Amino acid sequence: MRIAIFGNPSRSRHTERQRALFTLLSSLEDEVLIEKSYLDFLTEGMGWDIPFTEIISDDNFTADAVFSIGGDGTFLRTAMRIGGKCIPMLGINAGRLGFLADTTEQKACDAIRLIHEGRYCIEKRSLLEIRMKGLPEGYTPFALNDIAILKHDVSSMISIRTDVDGTPLTTYMADGLVIATPTGSTAYSLSVGGPVIAPGTDVIELTPVAPHSLTMRPLILQNSRAITLNVESRSHSFLVSIDGRSFSCPDGTEIGIVRAPHQIHVIKPEGSDFFSTLRDKMMWGADSRQ
C-alpha cells in the first residue's frame, strides 16, 4: 500500500510504540510518504531513523490511505490537507482524549494489520464550507467539526441574525453561535449544550453559546440548507472560528455556511465504531454509583 503520514511535532507525544509503526510498515513493504516537518522532527528532534519512500512538502500527493499521528487537532489539520482527494484516513491517538483520532497507540499496529487484510469499513464525514469576503490568507473555508461565530473576550453579547434558505429563522442574542457537523457535535457544540449526533446523519446543528433567552435552544437542520448570518456587536467586530482557528471580522460582514462539496473518509478497523468510542472516551452511559 501507499501510506501518507502526518504527525504532531511534539516530543511529549511520541513513544517507542509510534516508532514501531514505521518498522511495521516497512516489513509490510508499504510505500511510506511522510510530511516534511514531521520527518524533520522525528529525525533531528527525536534522533530516529525513519524508513520512507517520499517526502510530502505540499498538498500535491496521492496515497491509498493517510495516517494522522497526534491528537484531534492533528486529525483536523490532516483532514484539510487531504481536501477533496477522498483518501481514507486513520487517526492514531498520541494526544489526550482522542475522539477523532480514536485508535490508541497500543492498538495501532493491530489496526494497520486489519487494514492490510481489508477488515475495516469507511465512515463518510460531511464538512461545512464558509462563504464570505475577507477570508484571511492561510485559512481554509472548510470545517470538519464546526464554524463558530463568537464575541470578543471583553465585549458584550452579539446579535446574530440568522436566515435559512433565505427565510428568517431568528436573531440570536448570545455570546456566539456554533454551526456544527455530526462529527463536530461531540466537540464545542456538546460543551455548550448541543446533542450528540451519529456520523453519517445528513444534518447541520445550530447551538447558541450562552443565549440571553431560555427559548433559544439547539436546532437541527438538513445539511442541504444554506445558512446566512449577519452579526452586530457593540465593539463593531466579532470572531469567526473555523475548526478552532479564529480571526476577527468587522460588523456588516455577511457569512454564508453550506455543506461542502466533498467529504472526509475515515477508516474504522474491525471492532471499532462510533458508539464504542462514545462509551470509552466520554464514559457515555456510565453509572458513577457502580
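Our subject is the structure listed above.
Residues numbered from 1 in each chain as written. Predicted model: local features only at pLDDT ≥ 70, side-chain atom pairs only at ≥ 80, totals over all residues. Heavy atoms only, no water.

Kindly report on the overall build of the protein, identifying the contributing residues and their values.
A count of helical and extended segments in the protein gives six helices and 18 strands. In terms of overall dimensions, the protein is globule-like: its C-alpha atoms have a radius of gyration of 20 Å, near the 19 Å expected for 290 residues. Along the first, second and third principal axes, the C-alpha set of the protein runs to 60 × 50 × 35 Å. In the protein, which comprises 290 residues, the share counted as buried stands at 50%. (Helix = DSSP H or I, 4+ residues; strand = E, 2+ residues; numbered from the N terminus. Rg over C-alpha atoms; globule rule 2.2 N^0.38 Å. Buried < 20%, exposed > 50% of the residue type's maximum accessible area, 1.4 Å probe, protein only.)

Kindly report on the packing of helix 1 (residues 16-27) against helix 4 (residues 105-116), identifying the contributing residues and their values.
In contact at an axis separation of 9 Å, helix 1 and helix 4 are set at 15° when each is read in the N-to-C sense. In terms of axis orientation, helix 1 runs roughly parallel to helix 4. The hand of the helix 1/helix 4 crossing is right-handed. Residues Arg-17, Gln-18, Ala-20, Leu-21, Leu-24 and Leu-25 of helix 1 form the contact with helix 4, whose own contacting residues are Glu-105, Gln-106, Ala-108, Cys-109, Ile-112 and Arg-113. Residue classes in the contact of helix 1 with helix 4 are distributed as seven nonpolar, two polar and three charged. (Axes fitted to C-alpha atoms, helices over the stretch in contact; angles between N-to-C directions. Parallel < 35°, antiparallel > 145°, perpendicular 65-115°, else oblique. Left-handed = near helix turned anticlockwise from the far one by under 90°. Contact = heavy atoms within 4.5 Å. Nonpolar A, V, L, I, M, F, W, Y, C, P; charged D, E, K, R; others polar.)

I'd like a rundown of the nonpolar core, residues and numbers included.
Generally speaking, a soluble globular protein has its nonpolar side chains buried in company with each other. Counting 27 residues, the largest nonpolar core has Ile-149, Ile-179, Leu-229, Val-240 and Ile-255 as the members making the most contacts within it. Setting aside chain neighbours within four positions, we find Leu-229 in contact with Ile-149, Ile-160, Arg-161, Thr-162, Leu-177, Ile-179, Thr-253, Glu-254, Ile-255 and Ile-257. (Core = buried A, V, L, I, M, F, W, Y, C linked by side-chain atoms within 4.5 Å.)

I'd like to hear about empty space enclosed by the protein, residue by residue, with values.
Tallying each qualifying case throughout the model produces one cavity of 30 Å³ or more. Space inside the largest cavity adds up to approximately 100 Å³. What lines the largest cavity is a set of 13 residues, and nearest its centre among them are Phe-99, Leu-100, Arg-125, Lys-268 and Phe-274. Taken together, the elements giving at least two residues each to the lining of the largest cavity come down to strand 18 (254-269) and helix 6 (274-282). (1 Å grid on protein atoms, 1.4 Å probe; cavity = no way out; pocket = protein on both sides within 12 Å on 5 of 7 lines; lining within 4 Å. Points joined across faces, edges and corners; volume = space filled by probe spheres on them.)

An account of the pattern of salt bridges is needed here, citing residue identities and associated values.
The tally for this structure, following the rule as stated, stands at 14 salt bridges. The closest approach of N and O atoms between Asp-59 and Arg-81, which form a salt bridge, is 2.3 Å. Of this pair, Asp-59 sits in the loop between strand 3 (54-56) and strand 4 (65-70) while Arg-81 sits in helix 3 (residues 72-82), and the two are 22 residues apart along the sequence. In this structure, the salt-bridge partner of Lys-268 is Asp-102, at a minimum N-O distance of 2.4 Å. Placement of the pair is Lys-268 in strand 18 and Asp-102 in the loop between strand 5 (89-93) and strand 6 (103-104), with a sequence separation of 166 residues. Side by side, Lys-268 and Asp-102 carry an identical accessibility label, which is buried. (Salt bridge = Lys/Arg side-chain N within 4 Å of Asp/Glu carboxyl O.)

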